[in-house]
Every structure is written in structure tokens, then in C-alpha cells.
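# Commentary on secondary and tertiary structure
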Amino acid sequence: QVQLVESGGGLVQPGGSLRLSCQASIIFFSAYAVGWYRQPPGKQRELVASISKDGTINYADSVKGRFTISRDNAKKMGYLQMNRLKPEDKAVYYCKLFNAGRQDFWGQGTQVTVSS
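This part covers the state of the cysteines. By the definition in use, this model includes 1 disulfide. Disulfide pairing is shown between Cys22 and Cys95; the S-S distance is 2.1 Å. Measuring handedness by torsion sign, the sulfur bridge of Cys22 and Cys95 sits at about -80° and is left-handed. Note that Cys22 is positioned in strand β3 (residues 18-25) and Cys95 in strand β9 (residues 91-98), a separation of 73 residues in sequence. Neither residue differs from the other here; Cys22 and Cys95 are each classed as buried.

Okay, structure coming up:
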């Protein structure tokens, strides 16, 4: 059974930083793209950043220049470095593995709160 476990969320002041991690228990991790999504309170889930199996990266406009996505295939880990956090970044953040033609996998989410 595939599991994704996110960690690294928490409470941070505006302007602060957090690093989210996603540990995957899947054999062919390198065959999947890694995506980070977030769901703010009362809103729909949205894509924050993604990194393909080949390393192509995309960011939502709202996080460009502040967030950095990365992956470590050897460790089967995905990361989201979040800098200069804003109150509007408050959300539950989810990790997702996806590959066309294969099942998607989601983590359970980790809460990020940005508040003074």
C-alpha cells in the first residue's frame, strides 16, 4: 500500500520560512511527478508547485519567487521550501504523486499557519 506522509507544517510569523517534506513509500518514486497542493480555509484545493520526473518545475503565480520545490529520488522524498510566508499562505498543504495512466496518490496533509 502506497503512503505519502507530509511533515514540516506549523505556525510561523509573516516573513518566516518553513520546509515541508513528503516521504513516499512507493517502489517507482522516480516515475512520478510530485505536486504540492494547498487548501485554504473555506476554499478549494489548488496546485502550488509541481516537479516532473524529469525535473521540470512549475509554480503558481502566487508563490513564484518565494517557494522552491525539489525532490530526492534516492530518498523518495519531495520538498517544498517556503520563504517570505504571508498570512494568505495559510492552508492545509498536501503532497501528491501523479503520472498519466497511473493512479494518483495523496498524503494526509499538514497545516501551515502564518500569523503574528
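It is worth spelling out the pairing of strand β5 (residues 46-51) at this point. The pairing of strand β4 (residues 33-39) with β5 spans 5 bridges and is antiparallel. Each residue of the ladder has a partner; that of Trp36, found in β5, is Ala49. Connecting β4 to the antiparallel partner β5 that follows it, the hairpin turn spans 6 residues, and Gly42 within it adopts a positive phi of roughly 75°. Both β5 and strand β6 (residues 57-59) contribute to a ladder of 3 bridges, which runs antiparallel. From the neighbouring strand, Ile51 faces β6, where its bridge partner is Ile57.

This part is about the side chain of Thr110. One can find Thr110 in strand β11 (residues 110-114). Residue Thr110 is classed as buried on the basis of its relative accessible area, which comes to 10%. Excluding residues that lie within four positions of it along the chain, Thr110 makes contacts with Glu6, Ser7, Gly8, Gly9, Leu20, Ala91, Val92 and Tyr93.

Attention now moves to the sheet that holds β3. In spatial order, the strands read β1-β3-β8-β7; together these 4 strands make up an open sheet with antiparallel pairing. The open sheet has two edge strands with one neighbour each: β1 (3-7) and β7 (67-72). Across the sheet, the mean angle separating the axes of adjacent strands is 15° when strand polarity is ignored. Pairing of β7 with strand β8 (residues 77-82), which is carried by 6 bridges, proceeds in the antiparallel orientation. For Ser70, the partnering residue across the bridge sits in β8 and is Tyr79.

Our focus in this paragraph is the pattern of salt bridges. According to the stated counting rule, one finds 5 salt bridges in the structure shown. Across the pair Arg38 and Glu46 runs a salt bridge whose closest N-O atoms are separated by 2.7 Å. Residue Glu46 is classed as partly exposed on the basis of its relative accessible area, which comes to 32%. Among the ionic contacts, a cluster of salt bridges with common partners joins Arg38, Glu46, Arg66 and Asp89.

Turning our attention to the packing of aromatic side chains. Under the counting rule described, the total for this entry stands at 3 aromatic pairs. When the centroid spacing of 6.3 Å and the interplanar angle of 85° are considered together, the rings of Tyr94 and Trp106 count as edge-to-face. Note that Tyr94 is positioned in strand β9 and Trp106 in strand β10 (residues 105-106), a separation of 12 residues in sequence. Residue Trp106 is classed as partly exposed on the basis of its relative accessible area of 36%. Joined through ring pairs, the aromatic side chains of Tyr37, Tyr94 and Trp106 make up one cluster. A cation sits over an aromatic face here: Arg19 above Tyr79, 4.0 Å from the ring centre. If you follow Arg45 out to its NZ or CZ, it ends over the ring of Trp106, 4.6 Å from the centre.

So, how was this worked out
Residues numbered from 1 in each chain as written. Predicted model: local features only at pLDDT ≥ 70, side-chain atom pairs only at ≥ 80, totals over all residues. Heavy atoms only, no water. Disulfide = S-S within 2.5 Å. Helix = DSSP H or I, 4+ residues; strand = E, 2+ residues; numbered from the N terminus. Buried < 20%, exposed > 50% of the residue type's maximum accessible area, 1.4 Å probe, protein only. Pairing = 2+ DSSP bridges. Contact = heavy atoms within 4.5 Å. Axes fitted to C-alpha atoms, helices over the stretch in contact; angles between N-to-C directions. Salt bridge = Lys/Arg side-chain N within 4 Å of Asp/Glu carboxyl O. Phe/Tyr/Trp six-rings, centres within 6.5 Å; stacked < 30°, edge-to-face > 60°. Lys NZ or Arg CZ within 6 Å of the ring centre and 35° of its normal.

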